Amino acid sequence: MAISETYSRLLGGLILRDDGVIIPPDPANLDYAAFLAWEVAGGIAEMEAPAAPAVPASISARQMLLGLAGMGMITEAEALAAATVGAVPEAIEFIFATLPAVEQFGARVTWARMSEVERAHPLVAMLGAAQGLSSKDLDAFFVTAAAL
């Protein structure tokens with residue numbers, strides 16, 4: 001075996017060979033034995049970073065409200081009022097009030113009747129920007145909220 005081969009360590013003790021083969025840490029496995037010999041010969045396996053979770057294209061209104069309450073942007077009472085009667089929480093209403101008058105009505109109706117929140121919707125970007133959230137922060141919010 002040539003030292004020019006490379007390996008990476010994956011979570012769970014698995015080994016990734018440079019040709020894409022995943023090797024379990026089993027002493028009876030010939031590929032694993034070759035990996036151990038490679039290490040003895042001076043090879044150093046880098047730890048492979050886990051893949052970042054995919055950003056969902058949308059989350060449910062329920063997930064959004066739980067996420068907003070969880071991050072403290074709205075209160076639990078406001079989240080419940082929004083979920084039951086479409087009420088606009090104070091922090092969201094403050095942002096809507098900064099919109100041109102012609103856009104305020106549409107924003108409030110959209111808020112009150114949405115069942116799904118699309119990551120690419122302009123209201124998401126506007127609300128995020130008003131809270132000082134970057135696009136990366138919004139992506140993280142969607143990933144976290146999708147698990148709720």
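Throughout, a residue's number is its position along its own chain's written sequence, starting from 1. In keeping with the predicted nature of the model, local features appear solely for residues at pLDDT of at least 70, side-chain atom pairs appear and are counted solely at 80 or more, and the whole-chain, interface and lining totals rest on all residues. The basis for every side-chain value is the complete set of non-hydrogen atoms in the structure, without hydrogens or water.

1. What about the pattern of salt bridges?
Line of reasoning, step 1. Salt bridges, as used here, are contacts in which a Lys or Arg side-chain nitrogen is within 4 Å of a carboxyl oxygen on Asp or Glu. If you walk through the whole model with that rule in mind, you get five salt bridges.
Line of reasoning, step 2. Look at the salt bridges and you will find they share partners, linking Arg 17, Asp 19 and Asp 31 into a network.

2. Re helix H7 (residues 135-146)
Since the α-helix packs 3.6 residues into each turn, any two residues three or four apart lie on the same face.
Line of reasoning, step 1. Put simply, DSSP marks the helices as runs of H or I at least four residues long and the strands as runs of E at least two long, and each gets a number from the N terminus on. Multiplying one less than the number of residues by 1.5 Å gives the expected span of a helix. When the terminal C-alpha atoms of H7 are compared, their 16 Å separation across twelve residues agrees well with the 16 Å that a helix rising 1.5 Å per residue should span.
Line of reasoning, step 2. Residues of H7 that are buried include every one of Leu 138, Phe 141, Phe 142 and Ala 145, and no others. Here the buried residues of H7 occupy an arc of 95° about the axis, which is enough to place them on one side. H7 presents Lys 136 and Thr 144 as exposed residues on the side facing more than 90 degrees away from its buried surface.
Line of reasoning, step 3. Only heavy atoms enter the contact rule, under which two residues are in contact if any of them lie within 4.5 Å. At its buried positions, H7 is contacted by strand S5 (58-60), helix H2 (61-70), strand S6 (116-118) and helix H6 (122-130). Residue exposure (1.4 Å probe, protein chains only): buried if accessible area is under 20% of the type maximum, exposed if over 50%, otherwise partly exposed. Directions drawn from the helix axis to the C-beta atoms are what define this arc.

3. Considering the packing of aromatic side chains
Each pair of aromatic rings is reported with the distance of its centres and the angle of its planes.
Line of reasoning, step 1. By convention, a stacked pair of Phe, Tyr or Trp rings (six-membered ring in the case of Trp) has centres within 6.5 Å and planes under 30 degrees apart, an edge-to-face pair has planes over 60 apart, and any other such pair is tilted. Within this structure, the stated rule accounts for five aromatic pairs.
Line of reasoning, step 2. Seen in terms of ring centroids, Tyr 32 and Phe 35 are 5.9 Å apart; in terms of plane orientation they differ by 35°. Their pairing is tilted. Taken as a pair, Tyr 32 and Phe 35 lie in helix H1 (residues 30-40) at a separation of three residues, close to a single helical turn.
Line of reasoning, step 3. Residue classification places Tyr 32 among the buried residues on the basis of a relative accessible area of 14%.
Line of reasoning, step 4. Site record: aromatic cluster; members linked through ring pairs are Tyr 7, Tyr 32, Phe 35 and Trp 38.
Line of reasoning, step 5. In our convention, an over-ring charge means Lys NZ or Arg CZ found within 6 Å of a ring centre and within 35 degrees of that ring's normal. For the cation-ring pair, Arg 119 lies above Phe 142, with the distance from its terminal atom to the ring centre recorded as 6.0 Å.

4. Considering the side chain of Ser 8
Line of reasoning, step 1. Relative to the helices and strands, Ser 8 resides in strand S1 (residues 7-9).
Line of reasoning, step 2. Residue class for Ser 8 comes out buried when judged on its relative accessible area of 16%.
Line of reasoning, step 3. If sequence neighbours within four positions are ignored, Ser 8 has contacts with Leu 14, Ile 15, Leu 16, Ala 45, Glu 46 and Glu 48.

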